[in-house]
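Each chain is listed here by its residues.
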Protein chains: 2
Amino acid sequence: MVQRGTTRLDASFAALSDATRRGVVEQLGRSDASITDLAERFQMTLTGMRKHVGVLERAGLVSTKKVGRVRTCQLGPRRLEEETAWLERYRRRWDERFDELDRVVDELTRKEKSDERRNRK
Amino acid sequence: MVQRGTTRLDASFAALSDATRRGVVEQLGRSDASITDLAERFQMTLTGMRKHVGVLERAGLVSTKKVGRVRTCQLGPRRLEEETAWLERYRRRWDERFDELDRVVDELTRKEKSDERRNRK
DNA sequence: CCCACGCTGAACCATATGGTTCAGTATTTA
DNA sequence: TAAATACTGAACCATATGGTTCAGCGTGGG
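Chains are numbered independently. Their residues run from 1 in the order of the written sequence. For this description, chains carry letters from A and ligands carry numbers from 1, given in the order in which they are written. The predicted origin of the model limits local features to residues at a pLDDT of at least 70 and limits the giving and counting of side-chain atom pairs to 80 or more, whereas totals for whole chains, interfaces and linings rest on all residues. Neither water nor hydrogens contribute to the side-chain values; these are computed over all heavy atoms in the structure.

Topic: the overall build of chain A
What chain A contains, in helices and strands, is five helices and three strands. Secondary structure is summarised from DSSP: a helix means a run of H or I of at least four residues, a strand means a run of E of at least two, and numbering begins at the N terminus for each. For chain A, the sequential pattern of α-helices and β-strands runs α-α-β-α-α-β-β-α. Buried, partly exposed and exposed residues are distinguished by accessible area as a fraction of the type maximum, computed with a 1.4 Å probe on protein chains only: under 20%, between the cut-offs, and over 50%, respectively. Among the 121 residues that make up chain A, the fraction classed as buried is 37%. Contacts in chain A between residues far apart in sequence, at least 24 positions, make up 47% of those at least 6 positions apart. Split by element, the accessible area of chain A, about 7,600 Å² in all, is 48% carbon and sulfur. Throughout, a residue-residue contact means that at least one pair of heavy atoms, one from each residue, lies within 4.5 Å. Per-residue and other accessible areas were derived by the Shrake-Rupley procedure at a 1.4 Å probe size, with only the shown protein chains allowed to occlude residues.

Put into structure tokens, the structure is as follows:
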């Protein structure tokens with residue numbers, strides 16, 4: 001059994017699991033944009049885009065501010081450090097496992113060779 | 001308009017958006033495990049765990065092999081480089097935007113100071 | 001003052017997700 | 001050979017997701 005309940009990573013990874021939302025984030029990396037701008041660029045209704053932006057907001061990747069009738073979206077407060085750290089930890093583990101496998105293969109290869117030598121005698 | 005359709009990132013980020021699945025991956029980073037092992041550790045039916053493992057498999061984070069009646073799970077072929085790259089790109093963008101904001105604040109501060117000087121005259 | 005603009009909320013829809021139970025099948029083990 | 005083990009597939013359920021339409025509502029320009 002193990003500790004459960006890290007809802008922050010849940011939200012950010014879920015937010016990133018949609019191509020449209022990743023696109024929106026990339027766009028906002030270049031310049032701020034209104035809901036209308038984004039809806040146009042991603043060929044979607046305002047309502048649909050508003051939902052995506054909502055998801056990104058809740059995950060902290062985007063923040064918005066309404067001035068007059070325009071809601072302007074920009075990159076949000078979160079820098080995704082936790083997420084990056086998770087992925088890096090995974091890769092380290094993956095490399096370890098891979099190295100381990102390498103060592104095993106090496107050992108088997110060595111063993112084979114010495115077996116060959118034995119057989120030649 | 002923009003290119004859509006990067007289903008690989010979709011699958012891996014979606015796979016990582018669930019705490020149980022992240023837990024499974026972490027576990028497999030420590031040692032291989034059967035479905036039964038994982039189901040026990042995460043307090044879930046075999047069927048439920050099998051589904052999670054299926055999701056991870058489809059995303060390439062886990063690979064499995066059935067020997068006799070036991071299915072053994074281990075870390076999969078993908079090293080999540082694309083995913084890490086995406087996050088790093090995001091962070092770079094984020095830092096740029098932040099620096100930009102800093103510069104603007106700096107400028108405003110400078111302006112204020114010179115205004116003060118002007119007012120003192 | 002009026003109309004176009006930008007957005008929003010509610011309702012709806014189809015499909016996906018995260019879980020279960022139950023009834024198998026195949027493989028060990030005693 | 002019988003019983004226990006390990007998994008699997010189908011069916012089901014509740015809720016979430018990704019989208020739409022439609023009817024507003026506040027704002028701003030002419």
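Concerning the protein's contact with DNA strand C
Being near a molecule or strand, for a residue, means having at least one of its heavy atoms within 4 Å of it. Near DNA strand C lie 20 residues; those nearest to it are A:T36, A:R71, B:T45, B:K51 and B:H52. Among all atoms of DNA strand C positioned within 4 Å of the protein, those belonging to sugar or phosphate total 65%. Counting of polar contacts relies on pairs of N or O atoms within 3.5 Å, with two restrictions inside protein: one atom must be capable of donating a hydrogen and the other of accepting it, and residues adjacent in sequence are counted only when both atoms are side-chain atoms. In the environment of DNA strand C, a phosphate oxygen lies 2.7 Å from a nitrogen or oxygen atom belonging to the side chain of A:R50. In the environment of DNA strand C, a phosphate oxygen lies 2.8 Å from a nitrogen or oxygen atom belonging to the side chain of B:R21. When residues of the surface near DNA strand C are traced back to their parent elements, those giving at least two are α3 (35-41), α4 (46-58) and β3 (70-75) of chain A together with α4 (46-58) of chain B. Here the surface near DNA strand C takes four residues from α4(B), the largest share from any one element.

Concerning the packing of helix α2 (residues 19-30) of chain A against α4(A)
All names here are of chain A. Here, axes are lines fitted to C-alpha atoms. For helices the fit covers the stretch in contact, and angles between N-to-C directions go from 0 to 180 degrees. It is at 10 Å that the axes of α2 and α4 come closest, and there the two elements cross at 75°. Taken together, the axes of α2 and α4 are roughly perpendicular relative to one another. Within the contact between the two elements, α2 uses T20, R21, V24 and V25 and α4 uses M49, H52, V55 and L56. Here the contact of α2 with α4 is built from residues that sort into five nonpolar, two polar and one charged. Roughly parallel covers angles under 35 degrees, roughly antiparallel covers those over 145, roughly perpendicular covers 65 to 115, and oblique covers all other angles. Polar here means any residue outside two lists: the nonpolar Ala, Val, Leu, Ile, Met, Phe, Trp, Tyr, Cys and Pro, and the charged Asp, Glu, Lys and Arg; Gly therefore counts as polar.

Considerations on the packing of aromatic side chains
All names here are of chain A. Ring geometry is summarised as follows: Phe, Tyr and Trp rings, the Trp one being its six-membered ring, pair when their centres sit within 6.5 Å, and such pairs are stacked at plane angles under 30 degrees, edge-to-face over 60 and tilted between the two. A complete count under the given rule lists three aromatic pairs over all chains for this structure. Ring geometry for W86 against Y90: centres 6.4 Å apart, planes inclined by 10°, an arrangement best described as stacked. Of the two residues, W86 and Y90 both sit in helix α5 (residues 81-120), four residues apart, roughly one turn of that helix. An identical accessibility class is assigned to W86 and Y90; each is buried.

Observations concerning the pairing of strand β2 (residues 62-67) of chain B
On a regular strand, each side chain points to the face opposite its neighbour's, so the side chains alternate between the two faces of the sheet. Residues and elements named next belong to chain B. Relative to strand β3 (residues 70-75), β2 is paired through six bridges, and the arrangement is antiparallel. Bridge pairing in β3 places V62 opposite L75. The hairpin formed by β2 and β3 contains two residues between the paired strands, and G68 there has a positive phi angle of roughly 65°. A pair of strands is considered paired only if DSSP assigns at least 2 bridges between the two.

Quick notes on the relation of the copies chain A and chain B
Alignment of copies: least-squares fit on C-alpha atoms of residues with pLDDT of at least 70 in both copies. Least-squares fitting of chain A to chain B yields an RMSD of 0.0 Å, with the superposition described by an axial translation of 0.0 Å and a rotation of 180°. Such a combination of turn and shift is consistent with a two-fold rotation axis. An overlap of 100% is found between the interface residues of chain A and their copies at the interface of chain B, pointing to a shared contact surface.

A closer look at the side chain of B:S12
Residues and elements named next belong to chain B. Among the structural elements, S12 can be located in helix α1 (residues 7-16). By relative accessible area, S12 is classed as buried at 0%. One polar contact links S12 to E83, side chain to side chain, over a distance of 2.5 Å.

Remarks on the pattern of salt bridges
Think of a salt bridge as a Lys or Arg side-chain nitrogen and an Asp or Glu carboxyl oxygen that are within 4 Å of each other. Under the defined criterion, the tally for this structure stands at 20 salt bridges over all chains. Residue B:E83 pairs with B:R78 through a salt bridge whose shortest N-O separation is 2.8 Å. Shared partners join several salt bridges into a network, and the residues in it are A:R8, A:R78, A:E82 and A:E83.

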